[in-house]
Number of protein chains: 2
Amino acid sequence: MDRFEPNLRIPGPTALPSSVRDAGSRQMINHRGPEFATMLERILTGMKPFFGTTSDVAMITAAGSGGLEAAIVNVLSPGDRVLAVSIGSFGDRFAKIAGIYGAAVTKLDMEWGQAADPTAIREALQADPGVKAVLLTHNETSTGVMNPIPVLAAVVREVSPGALILVDSVSGLGAVPFEMDAWGVDLVVTGSQKAWMAAPGLAMIAASDRAWRAMETATMPRFYLDLRAHRDAAVNGQTPFTPAIAVVFQVDEGLRLMHQEGADAVFARHEACAAAARAGLPALGFELFADQRFASRTVTAAVVPDDLDWKAFNTEVKRRGVILAGGQGKLTGRIFRLGHLGSVTLEEILGAFSTLEIASLGAGRSVTPGAAVGAAQAAALASFGLVAATTAGAGA
Amino acid sequence: MDRFEPNLRIPGPTALPSSVRDAGSRQMINHRGPEFATMLERILTGMKPFFGTTSDVAMITAAGSGGLEAAIVNVLSPGDRVLAVSIGSFGDRFAKIAGIYGAAVTKLDMEWGQAADPTAIREALQADPGVKAVLLTHNETSTGVMNPIPVLAAVVREVSPGALILVDSVSGLGAVPFEMDAWGVDLVVTGSQKAWMAAPGLAMIAASDRAWRAMETATMPRFYLDLRAHRDAAVNGQTPFTPAIAVVFQVDEGLRLMHQEGADAVFARHEACAAAARAGLPALGFELFADQRFASRTVTAAVVPDDLDWKAFNTEVKRRGVILAGGQGKLTGRIFRLGHLGSVTLEEILGAFSTLEIASLGAGRSVTPGAAVGAAQAAALASFGLVAATTAGAGA
């Protein structure tokens, strides 16, 4: 990244590595020609390890929310009973889409900042054995909580073995391990502008054999988002509709970088940056918003203190080049969020804390110079296994 | 364009000017921030003259077909009677979408290669006074026919004043004059990868006041494509869902180039390139496919002669750097198409004919060296008004 570029610390879109930026400037090609076919095949195959699946992956030109809609309308019929487990704004959205298309939605609302409660899911499924699908959010971008999908999926599989498990992992997949097949998940949605280090515009969706079968009988109306058309076209190395080619170039390059770095290294980098964020914010006097047992590894939310003029503070932080995200929905003005996904590096997180320290001092907040940066660094080193976690924690 | 770049003569995606390519490589920004808001406002306002409307324009992250789906689901309810006038593959698609969402579709199929017949539309509307919407294709990319929208719209307005007129101008708008308000059209869809000189990924949609009102009562299910959400978000300089930012950058730059060139000059350039294509192909012995009274100004289709091995011929043309489009649907193998829209220049059309002459001679076809290039040039000069049309025509 250029040195004088803003430090984009929102939970997506994420900053693009320079080779990904270059890919976005490539000349157009025929999306019905062999060059595109080779690239599409490379992407769809190359993503499978990150989904943890051997099933087909589809790529649609849409935001992540379009991907969520695709998840619903492809496998369900109006009247189908759906258990929507919401832990935040995006869980609400997933439920809302199902309702709009005529599903009979039972909503299980968790307190925002908390993960989904397996016991509550168990009870809800026991109360309604006819549930056709369970909607889960993997990483809830609005609260900084990452649900324990394997645990939740296991409950569904045990109580309602026939139910489809549909997972929003728009802001999770690619940044953390995910084992769709092993966990018994039926459909997973992710978005190009998150861990994949590309511009927004593409949603990638993997479906289990069971989900692909469900598409044959599902009757919710669909055309543009019909995954069967995507699978059929992919056989010929095409998409059914003209794809966002510039973004496809970028995803191809982003994925190449991820494979070059290695999935484990990608995951470790995200974990270390997350650890740094979680250590640095409290060192600045900010209370973490999420239940830390289920803290997201791609975005960290902190509570806006009562005595802080958030707007003035954030304006100063932005002026100094760090772009944070505010709260969404009912959390507007109550929390702020620091994204650490995609091309994120520890340097960028430390840089953000440097700026946050300066802005905090400027705002008259009581902070120890270097404390947040030091705590973030120590936590990252512990995460990387370079020092013992307890020692590192003492710095915070 | 780089000299050694292929001459991309498909009817979209079109070749990107270098400044548009550069725009695609820009670093990501916060799509909820002021920089994006300014850009979105500039685009939505800057497109209005090309739509010929003072109504609101919405921009969704989707292919043109997603835009067509948005046109249907936003203003109609299941059971609504719809007259779908199809003159080709994309007209069929528009009708299909309406049917999938439960509209009662009456399809008026014209012979492919012909424009829509105003009399047939008049009779169909007289036979069913309850028609809620009429679907029209402005430029039928699959056949190279451009419907006379003002004529067709006038018939609808006269016979069924209450019917909504929904127009697919994915591959027309921006390249030719369009007067949505003056013609009484209610909704128009276009796509970023056509006249707008950007990568695919964005569909722009303008709706009349009447169409915006229809959205309040329409009951087809919609979430991602809900235009009301787009209009509401645009008030705050945002899109409801994360947009394809890299493509937004490109559309912004493409639109800047179009305004700099001037709409009239853009239209004249397209008309001249179209005239060149229509003169050059017959000079090579290819019969034009479309009814020339309604020849498209963005794509020209020609019949594949019985005595030509199309596959071998096209392979040679491609090897020499010119990328043509084949036929779609039932026209596969029967026609080929030469696109001339977006950043197209007369030089590129002449270059394509140079290659087509060479490939034709190589294939043993009887062509006069220089005849196609000369005819194309002469027709373009006549189109530009530099010579009298009849004189120019004599060269072909």
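Analysis parameters
Residues numbered from 1 in each chain as written. Chains lettered and ligands numbered in written order. Predicted model: local features only at pLDDT ≥ 70, side-chain atom pairs only at ≥ 80, totals over all residues. Domains from an automatic or database assignment. Contact = placed C-beta atoms within 7 Å. Helix = DSSP H or I, 4+ residues; strand = E, 2+ residues; numbered from the N terminus. Nonpolar A, V, L, I, M, F, W, Y, C, P; charged D, E, K, R; others polar. Least-squares fit on C-alpha atoms with pLDDT ≥ 70 in both. Axes fitted to C-alpha atoms, helices over the stretch in contact; angles between N-to-C directions. Parallel < 35°, antiparallel > 145°, perpendicular 65-115°, else oblique. Left-handed = near helix turned anticlockwise from the far one by under 90°.

### Quick notes on the domain arrangement of chain A
Residue and element names in this part refer to chain A.
(1) Moving on: Per the domain assignment, the segments of chain A are domain 1 (7-12 + 263-394) and domain 2 (19-259).
(2) Moving on: With centres defined by C-alpha atoms, the gap from domain 1 to domain 2 works out at 28 Å.
(3) Moving on: Contacts between domain 1 and domain 2 engage 24 residues on the former and 26 residues on the latter.
(4) Moving on: Put simply, the parts of the chain that give the side of domain 1 that touches domain 2 at least two residues each are helix 11 (263-283) and strand 11 (299-303).
(5) Moving on: Broken down by element, the side of domain 1 that touches domain 2 gets its largest block of residues, 4 residues, from helix 11.
(6) Moving on: Looking at the side of domain 1 that touches domain 2 residue by residue, the class counts come to 12 nonpolar, 9 polar and 3 charged.

### A look at unusual backbone geometry
Residues and elements named next belong to chain A.
(1) Moving on: Cis geometry is found at the peptide bond from Gly12 to Pro13, where omega equals 0°.
(2) Moving on: Relative to the assigned elements, Pro13 resides in the loop between strand 1 (7-8) and helix 1 (18-24).
(3) Moving on: You will see that Met197, though not glycine, has its phi angle at about 65°, which is positive.
(4) Moving on: Looking at the secondary structure, you find Met197 in the loop between strand 9 (187-191) and strand 10 (202-207).

### Things to note about the relation of the copies chain A and chain B
(1) Moving on: When chain A is fitted onto chain B, the two copies agree to an RMSD of 0.0 Å after a turn of 180° and an axial shift of 0.0 Å. What the superposition gives is, in effect, a two-fold axis relating one chain to the other.
(2) Moving on: A shared binding surface is used by both copies, with 100% of the interface residues of chain A retained as interface residues in chain B.

### So, the packing of helix 11 of chain A against helix 14 (residues 371-383) of chain A
Packed helices, taken two at a time, are described by their axes: the angle between them and the distance between them.
Residue and element names in this part refer to chain A.
(1) Moving on: Between helix 11 and helix 14, the least distance of the axes is 7 Å, while the angle of their chain directions is 150°. In terms of orientation, helix 11 lies roughly antiparallel with respect to helix 14. Taken as a pair, helix 11 and helix 14 cross one another with a handedness that is right-handed. Contacts between helix 11 and helix 14 involve Glu271, Ala272, Cys273, Ala275, Ala276, Arg278, Ala279, Gly280 and Ala283 on the former and, on the latter, Ala371, Ala372, Ala375, Ala376, Gln377, Ala378, Ala379, Ala380, Ala382 and Ser383.
(2) Moving on: Grouping the amino acids of the contact of helix 11 with helix 14 by side-chain chemistry returns 14 nonpolar, 3 polar and 2 charged.

### Details of the environment of B:Ala58
Residues and elements named next belong to chain B.
(1) Moving on: For Ala58, the position within the fold is in strand 2 (residues 57-61).
(2) Moving on: A C-alpha to C-alpha distance of 9.7 Å links Ala58 and Leu40, two positions 18 residues apart in sequence.
(3) Moving on: Residues in contact with Ala58, not counting those within four places in the same chain, are Ile205, Leu227, His230, Arg231 and Ala234.

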